[in-house]
Amino acid sequence: MDKKERIERFEKLRMGLFMHFGLYSMAGEGEWAFFNNPKVAEKYGELFENFNPEKLDFEDILSQAKAAGMKYAVLTTRHHDGFSLYDTRGLSEYDVMHTPYGKDIIKLFTDACRKCGMMPFFYHTMHDWQNPLLNEDFDAYLKYLRASVEVLCTNYGDVGGFWFDGCWSNSEADWQLDALYSMIRKHQPDAMIINNTGLAYRGIISHPYIDAVTYEQGHIEKRKKIPGVQMPAAEACETLNNHWGFARLDINYRAPKSIIEALASSRGFEINYLMNIGPRGDGTISPYDRGILDLISIWMEQVRDIFYDAETTDIDAGSRNFVLEAKGKYYLFVFDNTSPESEHDTANPVSEKIILRGMPRRIKTVKWRDNGCELAFSNNENGEALIEATGFEYGRNLIVRVAEIECE
Ligand code: GLC
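First, a word on scope: everything that follows refers to the structure included in this document.

The rules behind the values
- Residues numbered from 1 in each chain as written.
- Predicted model: local features only at pLDDT ≥ 70, side-chain atom pairs only at ≥ 80, totals over all residues.
- Heavy atoms only, no water.
- Helix = DSSP H or I, 4+ residues; strand = E, 2+ residues; numbered from the N terminus.
- Rg over C-alpha atoms; globule rule 2.2 N^0.38 Å.
- Buried < 20%, exposed > 50% of the residue type's maximum accessible area, 1.4 Å probe, protein only.
- Areas by Shrake-Rupley, 256 points an atom, 1.4 Å probe, with all protein chains shown as cover.
- Axes fitted to C-alpha atoms, helices over the stretch in contact; angles between N-to-C directions.
- Parallel < 35°, antiparallel > 145°, perpendicular 65-115°, else oblique.
- Left-handed = near helix turned anticlockwise from the far one by under 90°.
- Contact = heavy atoms within 4.5 Å.
- Nonpolar A, V, L, I, M, F, W, Y, C, P; charged D, E, K, R; others polar.
- Pairing = 2+ DSSP bridges.
- Near = heavy atom within 4 Å.
- Polar contact = N/O pair within 3.5 Å; in protein donor to acceptor, adjacent residues only side chain to side chain.
- Expected span 1.5 Å × (residues − 1).
- Phe/Tyr/Trp six-rings, centres within 6.5 Å; stacked < 30°, edge-to-face > 60°.
- Lys NZ or Arg CZ within 6 Å of the ring centre and 35° of its normal.
- Core = buried A, V, L, I, M, F, W, Y, C linked by side-chain atoms within 4.5 Å.

Next up on the list: the overall build of the chain. Across its full length, the chain holds eleven helices and 16 strands. The C-alpha radius of gyration of the chain comes to 23 Å, within 12% of the 22 Å expected for a compact globule of 408 residues. With respect to the three principal axes, the spread of C-alpha positions in the chain is 70 × 50 × 35 Å. Taken over 408 residues, the chain has a buried fraction of 53%. Put simply, the chain shows about 17900 Å² of open surface, and 49% of that area lies on carbon and sulfur atoms.

Take a look at the structure:
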């Protein structure tokens, strides 16, 4: 696969599940607890000695993610605390094989991905809070890091991609990325290479080998494309509350509206959407995480057949709305569609006029995909059309609603 094919294959996946899991999941204060809370750092040895996520069931989690429309999953194989969820094959004793659990979690993950038809991706830290080599002998540290990634390249079959994170901890350092990335290319020619540029440098291409730029916590924008130039793919990763790893006392969860709007907008901008969950120390996931996945699957029902292969268009539909094209039909994604104030209000559904600019052909019919109801429209001059977007009827509110447009 050349770079173009690799990127296109990744873009077609559209949506993935991010999972932050490690020793920190037991402390339940987020994935930075070792660094931020000395009390947790003190207990870290104990966490390691007791690590035993017996209820971890990737097949269960991934099949739910798949129902929500996700086609790939990214798991933290090693986070900044330096603990590896994989068998490091002698490189370090600080891995899952030396805990009471004693099973290679990355093997379980990749097996479950294959069973569920999801593409496995490996998050791997560049940084390490506990490895003394990082400060004492950076060269030796980077050798250890590359050897670790090589273990991941050579023991788990085809990997969808590598997702690095932590170069931001020292942007002046020479992380010897050419050596790291060429080693990956040698073993896994089709794997995506991603390296998170963090909150301060969203959407930036940090190295010529990079296949996708990152937008940590969203803030996406329409990307400018240069005709004839192969652009990297893009991916927005977002948390459901304010932590990536499980944080028991962070109940500040985002509403489904914000997540579904972020997911839909990413689709409109041709940016993959990577939604994070942080399983708890025993391996279970929270009812909220499950609930969100469930709601996304309900939303997906209206677009599942066109969501992946449809192309973006230049049709301007105003505000955050956008139009995709698939097999000669157009799909208008409508944000902020009105809904009845109450069950007594259903006789007068409010409709909003949406002006489409740049329609290549005249419209023949428009109907909502969720209930099949037809929408009134008119074809004006100069590729302009007007659609009467009727509000949700009683019993529905899909947050971002999709209308199918057939042309003459
Ligand atoms: C940031 C956080 C890190 C997290 C990552 C995921 O780099 O520091 O903990 O894993 O974002 O995007």
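One way to put it is that helix α8 (residues 138-155) packs onto helix α9 (residues 177-187) with a least axis distance of 10 Å and a crossing angle of 15°. For the element pair α8 / α9, the angle class is roughly parallel. Crossing handedness for the pair α8 and α9: right-handed. Touching R146, V149, E150, C153 and T154 of α8 are A179, L180, M183, I184, K186 and H187, all from α9. Taken together, the residues of the contact of α8 with α9 break down into six nonpolar, two polar and three charged.

Below, the discussion takes up the packing of helix α10 (residues 256-268) against helix α11 (residues 287-300). Packed helix pairs are specified by the crossing angle of their axes together with the interaxial distance, meaning the distance between the axes. Relative to each other, α10 and α11 sit at 50°, their axes nearing to 11 Å. By the angle class used here, α10 and α11 are oblique. Here the hand of the crossing between α10 and α11 comes out right-handed. Across the interface between the two elements, P256, I259, I260, L263 and A264 of α10 pack against Y288, I292, L295, I296 and W299 of α11. Classifying every residue of the contact of α10 with α11 by side-chain character gives ten nonpolar, no polar and no charged.

Bringing the sheet that holds strand β10 (residues 322-326) into the picture now. The strands making up a sheet are joined through hydrogen bonds of the backbone, oriented either antiparallel or parallel. Taken in spatial order, the five strands line up as β9-β10-β11-β16-β13 in an open sheet, and their pairing is antiparallel. Edge positions in the sheet fall to β9 (311-312) and β13 (363-368), since each of these pairs with one other strand and no more. Sheet topology note: the strand β11 (residues 329-335)/strand β16 (residues 400-407) ladder contains six bridges and is antiparallel. By the bridge assignment, F333 is partnered in β16 with V402. Relative to the sheet, α10 contacts β9, β10, β11 and β16, its axis offset from that of β10 by approximately 60°.

On to the pairing of strand β15 (residues 384-390). Summarising the sheet, strand β12 (residues 351-357) and β15 pair through seven bridges and their orientation is antiparallel. Note that in β15 the partner of K353 across the bridge is E388. When strand β14 (residues 377-379) meets β15, the two strands line up antiparallel, connected through three bridges. Looking across to β15, one finds that F377 is bridged to I387.

This part takes up the site of the ligand. In the region of the ligand, 14 residues are neighbours, and H20, E31, W32, H79 and D165 sit closest. The side chain of H79 places a nitrogen or oxygen atom 2.8 Å from an oxygen atom of the ligand. W168 is positioned with one of its side-chain polar atoms (N or O) 3.5 Å from an oxygen atom of the ligand. Bound to the protein, the ligand loses 94% of the 310 Å² it would expose on its own. In terms of residue class, the shell around the ligand is made up of seven nonpolar, four polar and three charged.

With that settled, consider the sheet that holds β14. One open sheet accounts for three strands, arranged β12-β15-β14; its pairing is antiparallel. The open sheet has two edge strands with one neighbour each: β12 and β14. Adjacent strand axes in the sheet meet at a mean angle of 15°, parallel and antiparallel pairs treated alike.

Let us look at α10. Taking 1.5 Å per residue as the helical rise, α10 with its 13 residues ought to reach 18 Å, and the 18 Å between its terminal C-alpha atoms agrees with that figure. Across the 13 residues of α10, ten count as buried, placing the element largely inside the fold. Listing the buried residues of α10 in full gives I259, I260, E261, A262, L263, A264, S265, S266, R267 and G268. Immediately downstream of α10, the backbone of E270 shows phi near 60°, a positive value.

In this section: the packing of aromatic side chains. The final tally for this structure, using the stated rule, is 34 aromatic pairs. Look at Y72 and F121: their rings are 4.9 Å apart centre to centre, the planes differ by 50°, and that puts the pair in the tilted class. You can see Y72 sitting in strand β2 (residues 72-78) and its partner F121 sitting in strand β3 (residues 119-125), a full 49 residues away along the chain. Assigned by exposure class, Y72 and F121 land together as buried. A centroid spacing of 6.2 Å and a plane angle of 15° characterise the contact between F138 and Y141, whose relative ring orientation is stacked. Of the two residues, F138 and Y141 are both situated in helix α8; the distance of three residues between them amounts to about one turn of the helix. When its relative accessible area of 23% is taken as the criterion, F138 is described as partly exposed. Pairwise contacts between aromatic rings join F21, F48, F51, F83, Y94 and Y101 into one cluster. It is R267 that lies over the ring of F307; its NZ or CZ is 5.5 Å from the centre.

Before going further, it helps to spend a moment on the nonpolar core. With 97 residues, the main nonpolar core has L62, M275 and W299 as its most contacted residues. With eight residues, α8 is the single largest residue contributor to this core. In this view, M275 contacts G16, L17, F18, M70, E238, L240, I259, I292, L293 and I296; residues no more than four positions away in its chain are not counted. I315, W368, A385 and A389 belong to the second-largest nonpolar core, a separate cluster that totals 19 residues.

Everything listed here is a matter of geometry and, on its own, says nothing about what the molecule does.
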